[in-house]
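Each chain is listed here by its residues.
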Amino acid sequence: MFAALLPDLSPLRSSRDFRLLWVQGLVTNFASFMAMIALPLQIKDLTDSPLAVGAMGAVELVPLVVFGLYGGALADAVDRRKVILLTEAGLGVLAGVLLVNALLPEPLLWPLYVVAAGVSALAGLQRPALDSLLARIVPHDQLTAAAALNAVRWQMGAIAGPSLAGVVVAFAGHAPAYGITILGFALSVLMCLRLSPAPAAHDAQKPSLRGIAEGARYAWSRPVLLGTYAIDLAAMLFAFPNSIFPFLADDLDAEWSLGLMYAAGSVGSVVLSLTSGWTSRVRRHGLFVVFGAAGWGLAITAAGWFSNVWVVLVCLGFAGAGDMLSGLGRSTIWNQTIPEELRGRLAGIEVLSYSVGPQLGQVRAGAMAGWTGTRPAVWGGGLACLASVGLLSAVLPRLVTYDASTDEDALRRRAHQEAVARETVTDAAPDGPGPAHDVDAGGVRG
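Note that the structure is predicted; figures quoted are calculated from it, not measured. (Residues numbered from 1 in each chain as written. Predicted model: local features only at pLDDT ≥ 70, side-chain atom pairs only at ≥ 80, totals over all residues. Heavy atoms only, no water.)

(A) Highlighting the overall build of the chain. Helix and strand counts for the chain come out as 19 helices and zero strands. Dimensions along the principal axes, computed over C-alpha positions, put the chain at roughly 70 × 50 × 45 Å. Long-range contacts, defined as pairs at least 24 residues apart, comprise 87% of the intrachain contacts of the chain with a sequence gap of at least 6. Within the structure as shown, the chain displays about 18,500 Å² of accessible surface, and the carbon and sulfur contribution to it stands at 69%. Of note, the chain has its 29 positive side-chain charges centred 5 Å away from the centre of its 32 negative side-chain charges. (Helix = DSSP H or I, 4+ residues; strand = E, 2+ residues; numbered from the N terminus. Contact = heavy atoms within 4.5 Å. Areas by Shrake-Rupley, 256 points an atom, 1.4 Å probe, with all protein chains shown as cover. Lys, Arg positive; Asp, Glu negative; His and termini not counted. Charge placed at Lys NZ, Arg CZ, Asp CG, Glu CD.)

This is the structure:
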């Protein structure tokens, strides 16, 4: 029974590129979280204003929307490996700007917002290429397992990064945290160089507004996809209080707990991921999305209500588990149903659905905390999340009833992937077992 709960490691065994991306992602996630914690802490130190910290979300929003949509169209038109490599290098350069600013006798505030906007733009370009690559390098029946393994990787960085960043900033200052970030991105670039090329199809469209609109029309015509976007957007908009954690820690007289607050959700997520073996046998992934988002909202409500810091940390852990369950459902549905020729553009829309919500959520939390106080801003957002998830589930019932074994889009996507794999194996057969082994490892190239 215990073995059945452990993560399914099949994607790591079957795909060389997935293994490379997994390790590369572990390194870059750790580096990113170091900066993600150091940056708002530096803004807090310079301004002592929750609104100034929450304003990061507003600064990041427009670049994320614009470059996320363009990045989706770009991922369908060019080699996805090149996009990942160049954006990863750009993120390292921006970390260098943070380091230089932190070393000034009197660090400036405005470069922090400029870098936040630049990071958002590069992340918007990169995420569609990363997300759309998964369905190409991992077999169809291993997509849920791959999503769970990616979650484990991400959460390992999310736990270690914030915890270490809080200690580093408290005892050594912001500059060492940014220095560690630069080192992580340098290692990540070296690993990205070893990835196999992932060229676009020979008849791929050039990035254009028309192509982006085509992807948006497809998403709008699929109630299941629409439901995944809408529920996650609402959950993050109303119940993403991370930007006011520094003030919540002060309110609870537990400044020492700030790093733990940022890490607690990741602890809950990684616990669920490490016991996710059962998810590979589930076909009703829409229920993951609904129940996970509702659990997130309920736990955030409790975190804002209780005044004991340890109880708050436990609640944040349960919130992370709920978000992880919802994320597994969303990722699986996206990779199971979206056609390969639209995968990049839909990945761009996915970036908006799971990234715009947190950015707006930071603004909402900061503004509401300045108006009502920190804790009401947390529990009030959790209640709004619960109400919105219930309403959207009623309006979009196709999401609740989604079944991978009967959904037409899922069956069509599976048949296409299997046909491409068979054709590639046939073409490679005269050259011996080497290329055929690459195909079995998930190396299907468009």
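From this point on, the discussion continues.
(B) Representation of the pattern of salt bridges within the structure. Enumeration according to the criterion identifies seven salt bridges in this entry. For arginine 16, the salt bridge is made with aspartate 17, and the minimal N-O distance between the two is 3.1 Å. Of the residues examined, arginine 16 reaches a relative accessible area of 36% and is grouped as partly exposed. A single network of salt bridges, built from pairs that share partners, joins Asp76, Arg80, Glu214 and Arg345. (Salt bridge = Lys/Arg side-chain N within 4 Å of Asp/Glu carboxyl O. Buried < 20%, exposed > 50% of the residue type's maximum accessible area, 1.4 Å probe, protein only.)

(C) Highlighting the layout of surface pockets. If you add up the space inside the second largest pocket, you get close to 350 Å³. As for the second largest pocket, its lining consists of 17 residues, of which Leu41, Gly166, Ala170, Glu255 and Leu258 are closest to the centre. Where the lining of the second largest pocket is concerned, the elements lending two or more residues are helix H3 (16-47), helix H7 (143-172), helix H11 (245-251) and helix H12 (258-274). If you tally residues by element for the lining of the second largest pocket, the top one is H7, at six residues. Here the lining of the second largest pocket is composed, by residue class, of ten nonpolar, three polar and four charged. (1 Å grid on protein atoms, 1.4 Å probe; cavity = no way out; pocket = protein on both sides within 12 Å on 5 of 7 lines; lining within 4 Å. Points joined across faces, edges and corners; volume = space filled by probe spheres on them. Nonpolar A, V, L, I, M, F, W, Y, C, P; charged D, E, K, R; others polar.)

(D) Spotlight on the nonpolar core. If you look at the biggest cluster of nonpolar residues, it comprises 108 residues, and the most contacted ones within it are Phe18, Leu225, Met261, Trp296, Leu316 and Leu346. Sequence-distant contacts of phenylalanine 18, that is, excluding residues within four places in its chain, are made with Pro11, Leu12, Leu134, Ile137, Val138, Ala146, Leu149 and Asn150. Within the second largest apolar cluster, nine residues are counted, among which are Ala148, Phe288, Ala321 and Leu328. (Core = buried A, V, L, I, M, F, W, Y, C linked by side-chain atoms within 4.5 Å.)

(E) Inspection of the packing of aromatic side chains at higher detail. For the structure on display, the rule yields four aromatic pairs. Seen from their ring centres, tyrosine 229 and tryptophan 334 are 5.9 Å apart, and the 40° between their planes marks the pair as tilted. In this pair, tyrosine 229 sits in helix H10 (residues 223-238) while tryptophan 334 sits in helix H14 (residues 309-337), placing the two residues 105 residues apart along the sequence. This pair shows no difference in class: tyrosine 229 is buried, exactly as tryptophan 334 is. A centroid spacing of 5.4 Å and a plane angle of 40° characterise the contact between tryptophan 256 and tryptophan 310, whose relative ring orientation is tilted. Note that tryptophan 256 is positioned in the loop between H11 and H12 and tryptophan 310 in helix H14, a separation of 54 residues in sequence. Assessed through its relative accessible area of 52%, tryptophan 310 is described here as exposed. One cation-aromatic arrangement involves lysine 44 over phenylalanine 247; the distance from NZ or CZ to the ring centre is 6.0 Å. (Phe/Tyr/Trp six-rings, centres within 6.5 Å; stacked < 30°, edge-to-face > 60°. Lys NZ or Arg CZ within 6 Å of the ring centre and 35° of its normal.)

(F) Main features of the side chain of arginine 136. With respect to the element layout, arginine 136 can be found in helix H6 (residues 110-137). On the accessibility criterion, arginine 136 (9% relative accessible area) is buried. At 2.9 Å, the side chain of arginine 136 forms a polar contact with the backbone oxygen of proline 199. (Polar contact = N/O pair within 3.5 Å; in protein donor to acceptor, adjacent residues only side chain to side chain.)

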